[in-house]
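Structural features, examined
Chain residues, written in single-letter form:
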Amino acid sequence: MARLVVVSNRVGVPESGARAGGLEVSIRPALRRRGGIWFGWSGRVSDRDPEPAKTVERDSVAYVTMGLRKDDYEEFYNGFANRVLWPILHYRLDLAEFSRRDLGGYFRVNEFFARNLETLLKPDDVIWVHDYHLIPLAKALRERGHKNRIGFFIHIPCPPPEVLTALPNHERLIPALGHYDLVGFQTETDANNFSRYLTNECALKRIDDDRFAFDDRTVRIGVFPVGVETEAFARLARRAMESSFVREVLGSLSGRIMMIGVDRLDYTKGIPERMNAFERFLAIFPEWHGNVTYLQITPRSRTDIPEYGDLGRLVGEAVGRINGAYGEASWTPVRYINKAHSRTALAGLYRAARVGLVTPLRDGMNLVAKEYAAAQNADDPGVLVLSRFAGAARECTAALLVNPYDPEGVAIAINRALAMPLEERRQRHAAIFKVLAQNDLSHWAERFLQALEHPQAAGNAPVARRAAGQR
Ligand code: F6P
């Protein structure tokens, strides 16, 4: 079997502390199973020369990370990746702040990745690149003569060409994806949007359902909805219920029902909108006053970007307003926490919560939704209230699907979830769990790598058709 080299901006180096990103959660177990290299940024920034590459070996994986210079970090990470690509790919044209300097920094850092990566590469390595930070990486490697099989998976949405073309210089950037052998998306909608872009904007010839001709090569497009370690997470949640941390939290509720939300502090997650919905819920359904506690765990993220600081203030104000208006000396409606929690702690809290609120305005997949469902006790499960704009909604069709832009609709769904009879809760949970057990994390990684390494294998084409469980 060829050696696997995974490349992403963030690298989940073991023992480097709790982090909040879905990408690390998905790659780590997949890579551990097969072994290989995980290459990317160390998370460190220096004023002068960047810290040289460092390797940490654990089990069969070598984690190779390098530092970034301050101007690279500003222009590549804070600038083009997170102030232009992130909002635009999440359909938020209003928040994009483009500058030519940041675009230059983005290409420069991709070159820097290619230059450092090639010192590790062997000709038959299979390279799997992740996410929007590294769109031009295959092109940079091809220009250096590398002919390896290279796949790209984007964890976040791909908007329709009508939105994507608002990205200044899109014609320099997006077609660079043609240098990959396989480009994978979370949902059919994302894959179709990209296919439409290639057809309308690049006039690429479509060879069949899932392949386009690109110069003298072929690029394949596929749908690979990322999963979670369903069975292992369920076991973790069962065990975590016995932990002193979860017992303490449950004890502090004094018998009240708990609802939970867990999100990075990011405007795509719809946290202020969710707070408004919870406020509406308290206004419309006073019978729940004093009987339900909403725990919102929200680690801060990308704190150097002004929109993220503004969001922190907005959410803090909303929490204060709700608790001020509805709280009692003996009851706090919303508990709002910015601290990151371990996976074990979260698994236990998910299992202890009667309702999981996952209402992003737009999300590639949202693994919190899947982990919440996986963590439930099948005999007495909680209810997932899920935004229709999360990729997870395509598979979790038995959740209560809501429109996060409709606070009253979300309020009504919260009431329905809290009041749902046991039999209906069991049925909905069993339906979701079945899909999550079929398309778990290892299935996702195997399907992607199979399609990348053996494109002609029987039963392996076309990948662009509906993926398991997707509507
Ligand atoms: O896929 C979304 C993503 O950008 C991942 O790359 C990352 O794991 C997560 O969000 C957290 O973001 P950041 O790496 O900017 O902290």
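Each residue is numbered by its place in its chain's sequence as written, counting from 1. Restriction of local features to residues with pLDDT of at least 70 applies here, the model being predicted, together with a cutoff of 80 or more for giving and counting side-chain atom pairs; totals for whole chains, interfaces and linings are based on all residues. Calculation of side-chain values draws on the structure's entire complement of heavy atoms; hydrogens and water are dropped beforehand.

Comments concerning the confidence of the model for the protein chain
You can read pLDDT as the predictor saying how much it trusts each residue, on a scale of 0 to 100. Within the protein chain, residue pLDDT values average 94, and 96% of them lie at 70 or more. In this text, helices come from DSSP runs of H or I with a minimum length of four residues, and strands from runs of E with a minimum of two, each type numbered from the N-terminal end. The spread of mean pLDDT over the elements of the protein chain runs between helix H1 (residues 22-34), the lowest at 86, and strand E15 (residues 383-387), the highest at 99.

Considering the domain arrangement of the protein chain
Taken domain by domain, the protein chain consists of domain 1 (4-227 + 441-468) and domain 2 (230-438). Here domain 1 and domain 2 have C-alpha centroids that lie 30 Å from each other. Working rule for contacts: check all heavy atoms of both residues, and any pair within 4.5 Å makes them a contact. Listed per partner, the contact involves 29 residues of domain 1 and 25 residues of domain 2. Here domain 1 meets domain 2 over a buried area of about 2,200 Å², counting both sides, of which 59% is carbon and sulfur. Here, a salt bridge means any Lys or Arg side-chain nitrogen found within 4 Å of an Asp or Glu carboxyl oxygen. Between domain 1 and domain 2 we count 1 salt bridge in total. The salt bridge involving Arg-83 is made with Glu-307; its shortest N-O contact spans 3.9 Å. Residues adjacent in sequence count toward polar contacts only when both atoms are side-chain atoms; beyond that, a polar contact is any pair of N or O atoms within 3.5 Å, and within protein one must be able to donate a hydrogen and the other to accept it. There are 7 residue pairs in polar contact (both at pLDDT 80 or more) connecting domain 1 and domain 2. Elements with a contribution of two residues or more to the side of domain 1 that touches domain 2: H1 and helix H2 (70-89). With 7 residues, the single largest contributor to the side of domain 1 that touches domain 2 is H2. Under this grouping Gly is polar, as are all residues other than the nonpolar Ala, Val, Leu, Ile, Met, Phe, Trp, Tyr, Cys and Pro and the charged Asp, Glu, Lys and Arg. In terms of residue class, the side of domain 1 that touches domain 2 is made up of 15 nonpolar, 11 polar and 3 charged. In this document the domain limits rely on a domain assignment from an automatic tool or a database. The term buried area denotes the loss of accessible surface (1.4 Å probe radius) that occurs when two parts are joined, taken as the sum for both partners.

Digging into unusual backbone geometry
Residue Asp-215 is not a glycine yet carries a positive backbone phi of 50°. Locating Asp-215 in the fold gives a position in the loop between strand E9 (211-214) and strand E10 (217-223). For Arg-302, which is not glycine, the phi dihedral falls at a positive 45°. Inspection of the secondary structure puts Arg-302 in the loop between strand E12 (292-297) and helix H11 (306-326).

Brief notes about the pattern of salt bridges
Inspection of the entire model under this criterion finds 36 salt bridges. Here Glu-75 and Arg-108 are joined by a salt bridge, their closest N and O atoms 3.0 Å apart. Of this pair, Glu-75 sits in helix H2 while Arg-108 sits in helix H3 (residues 100-117), placing them 33 residues apart in sequence. Three or more residues are tied together by salt bridges with common partners; here these are Arg-69, Asp-71, Asp-72, Glu-75, Arg-101 and Arg-108.

Topic: the side chain of Glu-371
With respect to the helices, strands and loops of the structure, Glu-371 is situated in helix H13 (residues 367-374). Polar side-chain contacts of Glu-371 include one of 3.0 Å to the side chain of Arg-343. When near neighbours in sequence (up to four residues on either side) are disregarded, Glu-371 contacts Val-25, Val-228, Phe-233, Arg-343 and Tyr-350.

Describing the pairing of E9
Burial of the side chains of E9 is restricted to one face: Phe-212 and Phe-214 are buried, whereas none of Arg-211 and Ala-213 on the reverse face is. Note on pairing: DSSP must find at least two bridges between two strands before they are called paired. The pairing of strand E8 (residues 205-208) with E9 spans 3 bridges and is classified as antiparallel. Bridge assignment links Lys-205 to a residue of E9, and that residue is Ala-213. Taken together, E8 and the strand that follows it, E9, pair antiparallel across an intervening segment of 2 residues. Each residue is assigned to one of three classes by its accessible area relative to the maximum for its type, calculated with a 1.4 Å probe on protein chains only: buried under 20%, partly exposed between the two thresholds, exposed over 50%.

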